[in-house]
Amino acid sequence: MRIGLATTLLVALIECWIPATQATDSLPWAFNAPSADGYSIHLTTIDPAPGTPLVRGNVVVITASVTYTLKIANHGVVVLVPQDEKNRAVANDGKQVTQEVSAPSGSLVLKQTLTVPRDAKEIRLFIPLVPDGIANTTGEITVRYPVVKK
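Residues numbered from 1 in each chain as written. Predicted model: local features only at pLDDT ≥ 70, side-chain atom pairs only at ≥ 80, totals over all residues. Heavy atoms only, no water.

**Student:** A description of the pairing of strand 5 (residues 76–84) should follow, citing residues and the corresponding values.
**Tutor:** Burial analysis of strand 5 places nine of its nine residues in the buried class, which makes it a mostly covered element. Here strand 5 shows two buried faces, one formed by Gly-76, Val-78, Leu-80, Pro-82 and Asp-84 and the other by Val-77, Val-79, Val-81 and Gln-83. Sheet topology note: the strand 5/strand 6 (residues 97–101) ladder contains five bridges and is antiparallel. Across the sheet, the residue bridging to Val-77 is Glu-100, located in strand 6. (Buried < 20%, exposed > 50% of the residue type's maximum accessible area, 1.4 Å probe, protein only. Helix = DSSP H or I, 4+ residues; strand = E, 2+ residues; numbered from the N terminus. Pairing = 2+ DSSP bridges.)

Pasting the structure below:
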């Protein structure tokens, strides 16, 4: 299945991309990795806003609107990958929200409900566009949220 393989490759890439020991104080609350030739993804809006403190144990609904261009392949998938600062998945059901794309450009909305882990210090959302046939993607959106006590 195309989505399963793309998601597995994506998780492996992300886990290698940001080490758990990396200092995050100097990173912005939302940013894109360097763009690739032939495809790109950009954040239009997200709720809650990047940098909004999330309270441990609370349930939060993340709604991200993105735009994309896809010229390198006829098909791809956009994935919402929520993790804590130690690269542990934080999706309530353990599944990542995905949406297939096949137009050369467009916009879409990804929505996921999360319970903020009690032991997390930060939640990171990675939103990549994974074109078919591309094993190592770049240009993904990263959004960060600090985690606080009540």
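Following the structure, the description resumes.
**Student:** Describe the sheet that holds strand 7 (residues 105–115), and please don't skip the residues or the numbers.
**Tutor:** One open sheet holds the three strands; their spatial order is 2-4-7, and the pairing between them is antiparallel. The sheet terminates laterally at strand 2 (39–47) and strand 7, the two strands that pair on one side only. The sheet shows a mean angle of 25 degrees between the axes of neighbouring strands, direction not considered. (Axes fitted to C-alpha atoms, helices over the stretch in contact; angles between N-to-C directions.)

**Student:** An account of the confidence of the model for the chain is needed here, citing residue identities and associated values.
**Tutor:** When pLDDT is averaged along the chain, the result is 86; 83% of the residues meet or exceed 70. Low confidence marks residues 5–24, where pLDDT is under 50. Its contacts with residues over four positions away, or in another chain, come to 35 contacts. (pLDDT = per-residue confidence, 0-100. Contact = heavy atoms within 4.5 Å.)

**Student:** I'd love a proper account of the environment of Lys-150, names of residues and values included.
**Tutor:** Note that Lys-150 resides in the segment after strand 10 (141–148). Distance in space between the C-alpha atoms of Lys-150 and Asn-58 is 9.1 Å, their sequence separation being 92 residues. Beyond its immediate sequence surroundings of up to four residues, Lys-150 is in contact with Val-55, Arg-56 and Asn-58.

**Student:** Can you tell me about the side chain of Gln-112, naming the residues and giving the values?
**Tutor:** Note on placement: Gln-112 falls in strand 7. A residue is classified by how much of its surface remains accessible, and Gln-112, at 6% relative accessible area, is buried. Within polar-contact distance, the side chain of Gln-112 engages the backbone oxygen of Lys-95 at 3.0 Å. The residues touching Gln-112, leaving out its near neighbours within four places in the chain, are Val-60, Val-61, Ile-62, Leu-80, Pro-82, Ala-91, Asp-93, Lys-95 and Val-97. (Polar contact = N/O pair within 3.5 Å; in protein donor to acceptor, adjacent residues only side chain to side chain.)

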